[in-house]
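Each chain is listed here by its residues.
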Amino acid sequence: MEERMGPAKCESEAETPTHYPTHSLLARNRSASSLHQTLASLLPVSHLSAPPSLSRFLACPSPRGISAVFPSLSFSINQAMGVAEHADVPPNPGWIPHLDMQFDNEDAAYAFYNSYAACVGFSVRKSKMWTTSKDVLAARTLVCSKQGFRQKKKGFEPKKPRPATRTGCSACMTIKITPSGRYRVTEFVPDHNHLLANPSTARLLRSHRAKVKERIAGDSGMPPDSSDKHQLKRRKAMPVGDAGAVLEYLQRMQVENPSFFYAVRVDGNDSIANFFWADAKSVMDYQYFGDVVCFDMTYKACDCGRPFALFVGVNNHKQMIIFGSALLYDESVESLRWLLDTFKDAMRGKQPKTVLTDQCMEITDALVAAWPRTTHRICVWHVYQNAMMHLNQVFEGSKTFAHDFGQCIFDCEEEEEFVYAWRAMIDKYDLDDNEWLAKLYEDRLTWALPYGKQVFCADIKSSLQKENLISLLKKHLSPQQELLPFFEHYDTLLNERRCLELQADAHAGQNILKVPPLRMLKQAANVYTPAVFKLFQNEFEMYMDCMVYHCGDAGTISDYKVIVDEKSREHFVRYDSSDSSIFCSCKKFESAGIQCRHVFKVLDYRNIKELPPRYILKRWRKDAKLGAVTDHHEYPSADSSKSLIANRDNDLCCIFSTLAARAAKTVESFTFIESQSELLLEQVEHILQTRTFEIPQLTIASSIQPRNLIESVVESLNHDNNTDTNVIISAANGILGF
């Protein structure tokens, strides 16, 4: 029987009409159809008679009456009624779907529709979907959970039939992809053919259950349980068997090499949270090339099954090298700070000059606390990886977007050039409403190249663009696979990279580059590795396209303006003849460690035919690993002599472990070290007894000057023109151990 929903007065209205706000009375006095239209848009009900509570609600549309029936809707409806005071047709509140509404992705659309469903009183289910040939979501329909009918399986009669829950409801919302990569609402059906749940109990419906625990905690005024809070910080739970597999690998590595360093972090629940490890070769590499470190967490963008992260750098051959590795099941600020402190301990207390990371607030906070003297920049290569994830539809939907976006973030050297290219890209692909890109541009000072030219980054972005080490291991990080085989592949990758480094060392030492008969090019070819010399030569050759203008002198300082013909861009160079120092406004040397064409032009203008030695960084030289690393000793202060002895012991373990690995390659080198071990021990005993630091020369030393013992032994192991040329092992300090 149909219940009448006419303009009957409710009891509360008859008793206390003066309690209502003026705007409610004005809205209530408007035409009944207009008001009912407002309420119908807020709670769409059709095809069935309204329940008594809804009839009472429609008959008494006051804020007080609404709150009594549907408390969770009172705020939104009050807003709608307030606006209705100034309009004949009530507007659509922002929480109700409508045609042409747009979302960044499917998840955002689902979250919005699900929130709307919670207010109205139904549950949401994902229904039909359409994809493109490249497996990109083209369209998706979100429906009421009562949509359709459950099909019966032929020949199967359950013992306890489930109650029918579907009623063929037609309520739905459909989204389709747009050329810009966003999703637009193309269909919205608000009508239901069943009773709707009271919004106060809607949280018990299936699509809203995930937030029940959080809502209960909020309603009670109690903070969430600390263990739950901690779990929210974790990326995912550790798969069964991972902890044992990791510990087995780490312990085996330390048995094989006592200088192998590893550390394990246990959280407040006595569960293993994170692992870190680094071998002796990685520690030695860090002493030579640890001025710039990239903390690679691209397992997020690569969608790796396990949270595997790397500390990587670039060597003198422009090759990627690994300083340390980690498994991060906990990404809280405290956990990341532990990781940074542990890395610093493993690297003998040495902090990098520059660290490049992903866009992560937790790692930023951890870096400020753990490495305050280190300059932090967002890695532009990580920005590109994140863009491929957040703008996947745009990348897939356009053949030119990847090129334009890459050119904008990788190739723009000046601020004006970057801003113009960014604006052109946004306009070309209609991305003005993309929230992720808007936030990225807002944070451009932390990652865009024109704003970080003064920070030395060793041009690591070019090496990262060529090879992504985590992507090479991605398929072995799946949770469906055991973790021990991953470590086998990890060790294989590490050994392959080190073999490539040995080959590059041999190539640099044996091959003589053919260069034009120019003194500066000959100078560079003799000191730089081939990979770095190629970059130097490219800059040198381009100085011929530059024009230089003398701007004036002030004592020993001369100023010049250099213009590159093809771009008509001005750069200013200052030269000081008192100390042969030179500075360019492009700051290429400050950021990459290689001089620019503008400087070469000014030096040529002044008839200076060789580059001042201060502008040839040792990290790019062929002999970058030659000599003892003695200027990086940063032993922590210790009151106990036992702590100092432990530090020295760890240091010597690293030195002689690396020396042993080198000497074991041939019978001759092994025999030599074995024969010298007794003499070395006698000399150590002599020092301990006399307490002097004058070490007698080894018999193999040919130099008249006193020599460092380890350098003498190592030098005797280096043979001319062999594959190990320039791979020099030298003394270094560190704190190694578990």
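Cut-offs used in this document
Residues numbered from 1 in each chain as written. Predicted model: local features only at pLDDT ≥ 70, side-chain atom pairs only at ≥ 80, totals over all residues. Heavy atoms only, no water. Helix = DSSP H or I, 4+ residues; strand = E, 2+ residues; numbered from the N terminus. Buried < 20%, exposed > 50% of the residue type's maximum accessible area, 1.4 Å probe, protein only. Contact = heavy atoms within 4.5 Å. pLDDT = per-residue confidence, 0-100. Phe/Tyr/Trp six-rings, centres within 6.5 Å; stacked < 30°, edge-to-face > 60°. Lys NZ or Arg CZ within 6 Å of the ring centre and 35° of its normal. Salt bridge = Lys/Arg side-chain N within 4 Å of Asp/Glu carboxyl O. Pairing = 2+ DSSP bridges. Axes fitted to C-alpha atoms, helices over the stretch in contact; angles between N-to-C directions. Polar contact = N/O pair within 3.5 Å; in protein donor to acceptor, adjacent residues only side chain to side chain. Patch = residues over 30% accessible without salt bridge, like charges linked within 9 Å, V, L, I, M, F, W, Y side chains within 5 Å. Areas by Shrake-Rupley, 256 points an atom, 1.4 Å probe, with all protein chains shown as cover. Core = buried A, V, L, I, M, F, W, Y, C linked by side-chain atoms within 4.5 Å. Parallel < 35°, antiparallel > 145°, perpendicular 65-115°, else oblique. Nonpolar A, V, L, I, M, F, W, Y, C, P; charged D, E, K, R; others polar. Lys, Arg positive; Asp, Glu negative; His and termini not counted.

Trainee: I tried to follow the overall build of the protein on my own but got confused; where do I start?
Mentor: Looking only at helices and strands, one finds 28 helices and 16 strands in the protein. Within the protein, buried positions represent 47% of all 738 residues. Expressed as a percentage of contacts within the protein between residues at least 6 apart in sequence, the contacts between residues at least 24 apart total 64%.

Trainee: Would you mind going over the confidence of the model for the protein with me for this structure?
Mentor: Any segment with low pLDDT has predicted coordinates that should not be analysed in fine detail. Considering every residue of the protein, the mean pLDDT works out to 75; 69% of them sit at 70 or more. Within the protein, the lowest mean pLDDT, 32, falls on helix α2 (residues 22-28), and the highest, 96, falls on strand β16 (residues 581-584). Low pLDDT (under 50) marks residues 1-91, which in the prediction has 108 contacts with non-local residues, meaning those over four places away or in another chain. With pLDDT under 50 throughout, residues 212-234 is counted as low confidence; its partners more than four residues away or in other chains account for 20 contacts.

Trainee: Sorry, what's going on with the packing of aromatic side chains here?
Mentor: Given two aromatic rings, one states the distance between the centres and the angle between the planes to describe the pair. In this structure the tally under the stated criterion is 44 aromatic pairs. For the ring pair Tyr286 and Phe323, a centre distance of 5.2 Å and an interplane angle of 85° mean the geometry is edge-to-face. A residue pair is termed long-range when its members are at least 10 positions apart, and Tyr286 in helix α11 (residues 280-289) and Phe323 in strand β10 (residues 320-328) qualify at 37 residues. The exposure class assigned to Phe323 is buried, which follows from its relative accessible area of 0%. Clustering of aromatic rings is evident, with ring pairs tying together Tyr384, Phe395, Phe401, Phe405, Phe410, Phe418, Trp422, Tyr429, Tyr441, Trp447 and Tyr451. The side chain of Lys350 reaches across the aromatic face of Tyr286, ending 5.3 Å from its centre. The aromatic ring of Tyr549 is capped on one face by Lys561, whose charged end is 5.8 Å from the ring centroid.

Trainee: Where do I start with the pattern of salt bridges in this structure?
Mentor: Where charged atoms from two side chains of opposite charge approach closely, those side chains can pair. Per the counting criterion, the structure on display carries 28 salt bridges. Where Asp279 meets Arg498, a salt bridge forms, and the shortest distance between an N and an O atom there is 2.8 Å. Pair noted here: Asp279 is in the loop between β7 (272-278) and α11 and Arg498 is in helix α21 (residues 484-510), with a separation of 219 residues, a long-range link. The pair formed by Asp279 and Arg498 is uniform in burial state, with each residue classed as buried. Its salt-bridge partner being Asp341, residue Arg337 comes within 4.0 Å of it at the nearest N-O pair. Here Arg337 and its partner Asp341 are both found in helix α12 (residues 333-346), four residues apart, which amounts to about one turn of the helix.

Trainee: In this structure, what is going on with the sheet that holds strand β1 (residues 102-103)? I would like to understand it.
Mentor: The strands making up a sheet associate through hydrogen bonds between their backbones, and the pairing can be parallel or antiparallel. What the five strands build is an open sheet, ordered β1-β5-β4-β3-β2; its pairing is antiparallel. Every other strand in the sheet has two partners, leaving β1 and β2 (124-131) as the edge strands with one partner each. Two elements, β1 and strand β5 (residues 183-189), share two bridges in a ladder whose sense is antiparallel. Following the sheet pairing, Gln102 is matched in β5 by Arg184. Contacts from helix α7 (residues 106-120) reach β1, β2, β3 (137-144), β4 (172-177) and β5 within the one sheet, and its direction differs from that of β2 by about 150°.

Trainee: Help me understand the side chain of Lys350 in this model?
Mentor: Along the chain, Lys350 turns up in the loop between α12 and β11 (354-357). At 3.1 Å, the side chain of Lys350 and the backbone oxygen of Gln287 are in polar contact.

Trainee: I keep staring at a nonpolar patch on the surface and nothing clicks. Help me out?
Mentor: Together, Leu681, Val684 and Leu688 make up a nonpolar patch on the protein surface, roughly 280 Å² of accessible area in all. If you trace the backbone, Leu688 turns up in helix α27 (residues 667-690).

Trainee: Looking at this structure, how should I read the nonpolar core?
Mentor: The nonpolar side chains of a soluble globular protein tend to be buried, and buried together. Ranked by internal contacts, the top residues of the largest apolar core, which has 70 residues, are Trp277, Phe308, Leu327, Tyr490, Tyr528, Phe536 and Leu611. Excluding anything up to four places from it in sequence, Tyr490 contacts Tyr249, Trp277, Phe308, Leu310, Ile322, Ser325 and Leu473. Counting 34 residues, the second-largest nonpolar core is a separate cluster that includes Tyr286, Val293, Leu328 and Val355.

Trainee: What exactly am I supposed to notice about the pairing of strand β9 (residues 308-314) here?
Mentor: In regular strands, side chains alternate between the two faces of the sheet. Judged by how many residues are buried, β9 sits mostly within the fold: seven of seven residues are covered. A two-sided burial pattern is seen for β9, the buried positions comprising Phe308, Leu310, Val312 and Val314 on one face and Ala309, Phe311 and Gly313 on the other. In this structure, strand β8 (residues 292-296) lies alongside β9, joined through three bridges in antiparallel fashion. The residue of β9 that forms the bridge with Asp296 is Leu310. Here seven bridges tie β9 to β10, and the two strands are oriented antiparallel to one another. Note that in β10 the partner of Val314 across the bridge is Met320.

Trainee: Quick question: what am I supposed to make of the environment of Gly593 here?
Mentor: Here Gly593 is to be found in the loop between α24 (588-592) and α25 (597-605). C-alpha of Gly593 to C-alpha of Ile616: the two residues are 23 residues apart in sequence and 7.8 Å apart in space.

Trainee: Please clarify how the sheet that holds β16 should be interpreted in this entry.
Mentor: One open sheet holds the four strands; their spatial order is β13-β14-β15-β16, and the pairing between them is antiparallel. Strand pairing shows two members of the sheet lacking a second neighbour, β13 (546-554) and β16, which therefore form its edges. Adjacent strand axes in the sheet meet at a mean angle of 20° when their direction is disregarded. Sheet strands touched by α25: β13, β14 (557-564), β15 (569-576) and β16. Its angle to β13, the strand with the most contacts, is close to 65°.

Trainee: Just checking my understanding: could you explain unusual backbone geometry for this structure?
Mentor: One non-glycine residue, Lys318, lies in the positive phi region at around 65°. Owing to a relative accessible area of 14%, Lys318 belongs among the buried residues under this scheme. Within the chain, Asp459 stands out as a residue other than glycine whose phi angle is a positive 50°. Topologically, Asp459 is positioned in the loop between α18 (435-442) and α19 (460-466). Overall, Asp459 belongs to the partly exposed group, its relative accessible area being 23%.

Trainee: What is the right way to read the packing of helix α10 (residues 242-256) against α21 from this model?
Mentor: The description of two packed helices rests on the angle between their axes and on the distance between the axes. Look at α10 against α21: their axes get within 9 Å of each other, and the N-to-C directions meet at 40°. Accordingly, the angle class assigned to the pair α10 and α21 is oblique. On α21, the residues that touch Ala245, Val246, Glu248, Tyr249 and Met253 of α10 are Leu484, Phe487, Tyr490 and Asp491. Grouping the amino acids of the contact of α10 with α21 by side-chain chemistry returns seven nonpolar, no polar and two charged.

Trainee: It is not clear to me how the side chain of Lys601 should be interpreted in this structure. Could you clarify?
Mentor: Take Lys601: it is sitting in helix α25. Within the buried core, Lys601 has no salt-bridge partner, and the shortest N-O distance to an opposite charge, that of Asp604, equals 5.2 Å. For Lys601, the side chain forms a polar contact with the main-chain oxygen of Cys546, separated by 3.1 Å. Apart from residues lying up to four places away in sequence, Lys601 is in contact with Tyr543, Cys546, Met547 and Val548.

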